[in-house]
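Understanding the architecture of this molecule
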Amino acid sequence: MYEQVKLSYGFDELEPHIDTLTMQTHYGKHHATYTKTLNELAEKAGVTDIPIEELLSDLSVVKDPALRTAIKNNGGGFYNHNLYFSIISPDPASEPYGVLKEKIDCTFGSTDELKAKLKAAAIGQFGSGWAWLNADKDGNLSISQSPNQDNPLSEGLDVKPILAIDVWEHAYYLKYRNLRADYVDAFFKVLDWKAVEENYDRVTG
């Protein structure tokens, strides 16, 4: 059974950057629905024992095309949101550090430059989707964007996301309306670089 990530903070604790009502609907309704639907579909397909990263990386194990598409969409919604909610915090580490910091500086020049490129990817994603910071097993970093609930795993990019910015309207529209850029700036204020570093270590370790 696939389980929705447990929050280490209350719905109101990310104020004023991410508002309480958005958290209630985003986590409590949207993400919960993706999780419930994924479990129903996975049971029907007989793939409940496959870890979600493996499943999204090789959806060919689901033989029925319609079921495969539904699992891709809802499995992506489940996985993407689990990552998103796990890297934000009311008391975040405000800057990267350690090996990740060194790699960011080497790849992008600085943390500020990385943020600028991530913001550009998030703003530039047409319609609903995601912006990602990815790592490969050798520690190399890259930025990508995905439509809908796709992600680097389902896209076969041979990298794993370590940071996710949700740019579906349900992630920001109640507070920021059409000002996606303002939402992305607010996201960086609650982004916990300690969690991102831990994700990086898991990919490279």
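All of these numbers come straight from a predicted model, not from anything done at the bench.

Focus: the overall build of the chain
- Scanning the chain from terminus to terminus reveals eight helices and three strands.
- Counted from the first residue to the last, the chain has its helices and strands arranged as α-α-α-α-α-β-β-β-α-α-α.
- A principal-axis box enclosing the C-alpha atoms of the chain has dimensions of 45 × 40 × 30 Å.
- Taken across its 205 residues, the chain has 48% of its residues classed as buried.
- Partitioning the contacts of the chain with sequence separation of at least 6, the portion at a separation of at least 24 is 67%.
- Carbon and sulfur atoms form 51% of the exposed surface of the chain, whose accessible area is close to 9,600 Å².
- In the chain, the 20 positive side-chain charges and the 31 negative ones have mean positions that sit 4 Å from each other.

Some details on the pattern of salt bridges
- In total, this model carries eight salt bridges according to the counting rule given.
- Note that Glu198 is salt-bridged to Lys194, the shortest N-O span being 2.6 Å. Taken as a pair, Glu198 and Lys194 lie in helix H8 (residues 193–204) at a separation of four residues, close to a single helical turn.
- A relative accessible area of 33% places Glu198 in the partly exposed class.

A word on the packing of aromatic side chains
- One pass over the full model with this rule turns up eleven aromatic pairs.
- A ring pair is formed by Trp130 and Trp132, whose centres lie 5.4 Å apart and whose planes are at 15°; its orientation type is stacked. Per residue, the accessibility class of Trp130 equals that of Trp132, and both read buried.
- Its end group placed over the ring of Tyr176, Lys175 keeps NZ or CZ at 5.6 Å from the ring centre.

Quick word on the nonpolar core
- Residues Leu163 and Ile165 are the most contacted members of the largest nonpolar core, which totals 46 residues.
- When residues of this core are traced back to their parent elements, those giving at least two are helix H1 (20–45), helix H3 (65–86), helix H4 (98–108), helix H5 (111–124), strand S1 (129–135), strand S3 (160–166), helix H7 (180–190) and H8.
- Ranked by residues supplied to this core, first place goes to H7 with six residues.
- For Ile165, the contacting residues outside a window of four places in its chain are Tyr84, Leu118, Ala122, Gly129, Trp130, Ala131, Tyr183, Val184, Phe187 and Phe188.

Let's talk about the sheet that holds S1
- Taken in spatial order, the three strands of this open sheet run S2-S1-S3, and their pairing is antiparallel. What marks the edges here is a single partner per strand, and that holds for strand S2 (141–147) and S3. Taken pair by pair, the neighbouring strands of this sheet meet at an average axis angle of 25°, ignoring direction.
- With six bridges joining them, S1 and S3 adopt antiparallel strand pairing. Bridged to Trp132 within S3 is Ala164.
- Where H4 meets the sheet, it contacts S1, S2 and S3, and its direction lies at approximately 80° from that of S2.

Observations concerning the environment of Tyr200
- As for its placement among the helices and strands, Tyr200 is situated in helix H8.
- In sequence terms Tyr200 and Asp136 are 64 residues apart; their C-alpha atoms lie 8.9 Å from each other.
- Dropping the residues within four chain positions of it, Tyr200 is found in contact with Val99, Leu100, Lys103, Ala135, Gly139, Leu141 and Ile162.

Description of the side chain of Asp136
- Tracing the sequence through the fold places Asp136 in the loop between S1 and S2.
- Buried charged residue Asp136 carries no salt bridge. Nearest counter-charge: Lys137, at 6.6 Å.
- Looking at Asp136, its side chain comes within polar contact range of the main-chain nitrogen of Asn140, at 2.9 Å.
- Not counting residues within four places of it along the chain, the set of residues in contact with Asp136 comprises Asp158, Val159, Val203 and Thr204.

Reading the values: rules and limits
- Residues numbered from 1 in each chain as written.
- Predicted model: local features only at pLDDT ≥ 70, side-chain atom pairs only at ≥ 80, totals over all residues.
- Heavy atoms only, no water.
- Helix = DSSP H or I, 4+ residues; strand = E, 2+ residues; numbered from the N terminus.
- Buried < 20%, exposed > 50% of the residue type's maximum accessible area, 1.4 Å probe, protein only.
- Contact = heavy atoms within 4.5 Å.
- Areas by Shrake-Rupley, 256 points an atom, 1.4 Å probe, with all protein chains shown as cover.
- Lys, Arg positive; Asp, Glu negative; His and termini not counted.
- Charge placed at Lys NZ, Arg CZ, Asp CG, Glu CD.
- Salt bridge = Lys/Arg side-chain N within 4 Å of Asp/Glu carboxyl O.
- Phe/Tyr/Trp six-rings, centres within 6.5 Å; stacked < 30°, edge-to-face > 60°.
- Lys NZ or Arg CZ within 6 Å of the ring centre and 35° of its normal.
- Core = buried A, V, L, I, M, F, W, Y, C linked by side-chain atoms within 4.5 Å.
- Pairing = 2+ DSSP bridges.
- Axes fitted to C-alpha atoms, helices over the stretch in contact; angles between N-to-C directions.
- Polar contact = N/O pair within 3.5 Å; in protein donor to acceptor, adjacent residues only side chain to side chain.

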